[in-house]
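Examination of the molecular architecture
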Amino acid sequence: MQIYRLGTMADKRAVLKTLGVESGGISIMAGKMELVFFYIKALKTPAANILKQDALSIGAELAVPGGVILCEKPVYDCILIGTVKQMKILARKELVQPFGLKILAKQLSAFFSPRDFPLRIMGVINANDDSFYAGSRFMADDAVRQVKKQIEEGAEIIDIGAVSSRPGAKPVSEAEELKRIIPVCEALKAEALYEKALFSIDSYRPSVVEYALQSGFGLINDITGASDERLIGLAEVYGAKLCIMHMQGTPQTMQENPQYEDVTADVSTFFETRIEKCEALGLGRESLILDVGIGFGKTLEHNLTLIKNLEHFKHFGCEVLIGASRKSMIDKIIPAAVDERLPGTLALHLKAVENGASIVRCHDVPAHRQALAVWKALR
């Protein structure tokens, strides 16, 4: 007889099926094989004591600060720990409990019915001369050649923008942005390249966005996070998807001492509000993509925290996009010029995909295609 410890299993159902477990037992056992953690902010003290006892009664746990049992403060932050099976049981138990636990139960249940989306690579094309990475800058005919190249390399989405959004970037007039993007749109349309990939317009100006949508683009990449209702309306009219990105401040001010009470909770609240806004205007979650905005009004620690907690954002039922390609957070971890940040980019993106991202926005399509293929094989 031999025994050895198994590593991470991404698809626990597949492992059990391969072992020969009967179909009826696969679902039950899979739920016992994954330990999950939830951070609960400002839970009322009576609720914390009830939840603690209910968790213990089924073999789960609620980590609480000292003083909870004596009700020394009105609210406490807690960490809920247990298997998926235990969390589902606990969610049902709390539906009959007071002190806000009914709401907590419904929120908890939402985490266990996320939609699965295919993993896709989004290539980046900048039709300007001032983006932070020179290797992404292409004008007119060169941009079209690069688009074809990225499609051949494995990009299923191509993100094209004509204005840099790097920290401190100088504003560009709407007329200038249109002047830059029109030749690219016309060339792509003339060759019907929109039939070979999904094209994304990286802009928040309605006139630029509409021109691109009329040229065959099918995705609006909005760094202002659906703040302009006109963009939501355009997405609905043209049947396009809308990527809602979180940004604190503007590209000119966003890196001037960004602060959050809790970056994961704050970004989550932002998405909740913007999704409700989109739905109220007729644009459903199936048309929305969420981007936490790595580097857009965040410190290194904020960025790392969001990537570590990225799986949280899957509970909204929308696709999740990650875009950390060659960004300065890598240089803050280990000094590296922009041209030397591909290894760090791959490390960040692979972790993000492991944590739930299904769209990877990158400058280096072949490297990501290879890395993701190996990652899939390991799973």
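Right above here is the structure, for reference.
Rules and cut-offs
- Residues numbered from 1 in each chain as written.
- Predicted model: local features only at pLDDT ≥ 70, side-chain atom pairs only at ≥ 80, totals over all residues.
- Heavy atoms only, no water.
- Buried < 20%, exposed > 50% of the residue type's maximum accessible area, 1.4 Å probe, protein only.
- Helix = DSSP H or I, 4+ residues; strand = E, 2+ residues; numbered from the N terminus.
- Arc of directions from axis to C-beta.
- Salt bridge = Lys/Arg side-chain N within 4 Å of Asp/Glu carboxyl O.
- Pairing = 2+ DSSP bridges.
- Axes fitted to C-alpha atoms, helices over the stretch in contact; angles between N-to-C directions.
- Contact = heavy atoms within 4.5 Å.
- Patch = residues over 30% accessible without salt bridge, like charges linked within 9 Å, V, L, I, M, F, W, Y side chains within 5 Å.
- Areas by Shrake-Rupley, 256 points an atom, 1.4 Å probe, with all protein chains shown as cover.
- Phe/Tyr/Trp six-rings, centres within 6.5 Å; stacked < 30°, edge-to-face > 60°.
- Right-handed = clockwise from strand over helix to strand, strands pointing away.
- Polar contact = N/O pair within 3.5 Å; in protein donor to acceptor, adjacent residues only side chain to side chain.
- Parallel < 35°, antiparallel > 145°, perpendicular 65-115°, else oblique.
- Left-handed = near helix turned anticlockwise from the far one by under 90°.
- Nonpolar A, V, L, I, M, F, W, Y, C, P; charged D, E, K, R; others polar.

All right, on to helix α4 (residues 84–94) then. Three or more residues of α4 are buried, namely Val84, Gln86, Met87, Leu90, Ala91 and Glu94. Around the axis of α4, the buried residues are gathered within 155° of arc, so they sit on the same side.

Applying the stated criterion to the full structure yields 13 salt bridges. Between Glu176 and Arg180 there is a salt bridge, with the nearest N and O atoms lying 3.1 Å from each other. Of this pair, Glu176 and Arg180 are both found in helix α7 (residues 174–190), four residues apart, which corresponds to roughly one turn of the helix. Note on Arg180: relative accessible area 16%, which makes it buried. Across the pair Asp364 and Arg326 runs a salt bridge, and its minimum N-O distance is 3.0 Å. Of this pair, Asp364 sits in the loop between β11 (359–362) and α14 (365–378) while Arg326 sits in the loop between β10 (319–322) and α12 (328–333), and the two are 38 residues apart along the sequence. The pair formed by Asp364 and Arg326 is uniform in burial state, with each residue classed as buried. Among the charged side chains, a salt-bridge network with shared partners connects Asp159, Asp202 and Arg361.

The next subject is the sheet that holds strand β4 (residues 120–126). One closed barrel holds the eight strands; their spatial order is β4-β5-β6-β7-β8-β9-β10-β11, and the pairing between them is parallel. On average, each strand axis in the sheet is inclined to that of its neighbour by 25°, with strand direction left out of account. Pairing analysis gives four bridges linking β4 to β11, with the strands arranged parallel. If you follow Met122 over to β11, its bridge partner there is Arg361. Against the sheet, α7 touches β5 (157–161) and β6 (198–202), its axis set at about 150° to β5.

A few words now on a nonpolar patch on the surface. Taken together, the side chains of Leu35, Phe37, Tyr39 and Ile79 present a nonpolar region at the surface, about 430 Å² in accessible area. Of note, Phe37 is situated in strand β1 (residues 35–44).

Next up on the list: the environment of Ser328. With respect to the secondary-structure elements, Ser328 resides in helix α12. With 40 residues separating them along the chain, Ser328 and His368 place their C-alpha atoms 19 Å apart.

What follows deals with the packing of aromatic side chains. In the structure shown here, the tally under the stated rule is six aromatic pairs. Ring geometry for Phe199 and Phe217: centres 5.6 Å apart, planes at 50°, overall tilted. Highlighted residues: Phe199 in strand β6 and Phe217 in the loop between α8 (206–214) and β7 (219–222), separated in sequence by 18 residues. Both residues of the pair, Phe199 and Phe217, count as buried. Aromatic side chains Phe270 and Phe271 sit 5.6 Å apart centroid to centroid with 55° between the ring planes, which places their arrangement in the tilted category. The pair formed by Phe270 and Phe271 is uniform in burial state, with each residue classed as buried. These aromatic residues form a ring-pair network of at least three members: Phe270, Phe271, Phe313 and Phe316.

Burial along strand β9 (residues 288–291) is two-sided: the face carrying Leu288 and Leu290 and the face carrying Ile289 and Asp291 are both buried. Summarising the sheet, strand β8 (residues 241–245) and β9 pair through four bridges and their orientation is parallel. What sits directly across from Cys243, in β9, is Ile289. A crossover links β8 with its parallel partner β9, the connecting element being helix α10 (residues 263–280), and its sense is right-handed. Once the chain exits β9 it traverses helix α11 (residues 300–308) before rejoining the sheet at β10, and the crossover so formed is right-handed.

By the element assignment, His246 lies in the loop between β8 and α10. In this structure the side chain of His246 is engaged in a polar contact, spanning 2.8 Å, whose partner is the side chain of Lys298. Not counting chain neighbours up to four residues away, the residues in contact with His246 comprise Tyr260, Val267, Phe270, Phe271, Asp291, Val292, Gly293, Phe296 and Lys298.

Spatial strand order, β1-β3-β2: three strands in an open sheet with antiparallel pairing. Each having just a single partner strand, β1 and β2 (61–63) make up the two edges of the open sheet. Each neighbouring strand pair of the sheet contributes to a mean axis angle of 25°, computed without reference to strand direction. As paired strands, β2 and strand β3 (residues 75–83) are joined by three bridges and run antiparallel to one another. By the bridge assignment, Leu62 is partnered in β3 with Leu80. This element, α4, spans β1 and β3 of the sheet and lies at about 130° to β3.

Relative to each other, helix α13 (residues 342–354) and α14 sit at 45°, their axes nearing to 11 Å. The angle between α13 and α14 places the two elements in the oblique class. With respect to the hand of their crossing, α13 and α14 are arranged in right-handed fashion. Facing α13, whose interface residues are Leu342, Thr345, Leu346, His349, Leu350, Val353 and Glu354, α14 presents Ala367, His368, Ala371, Leu372 and Trp375. Of the residues contributing to the contact of α13 with α14, the split by class is eight nonpolar, three polar and one charged.

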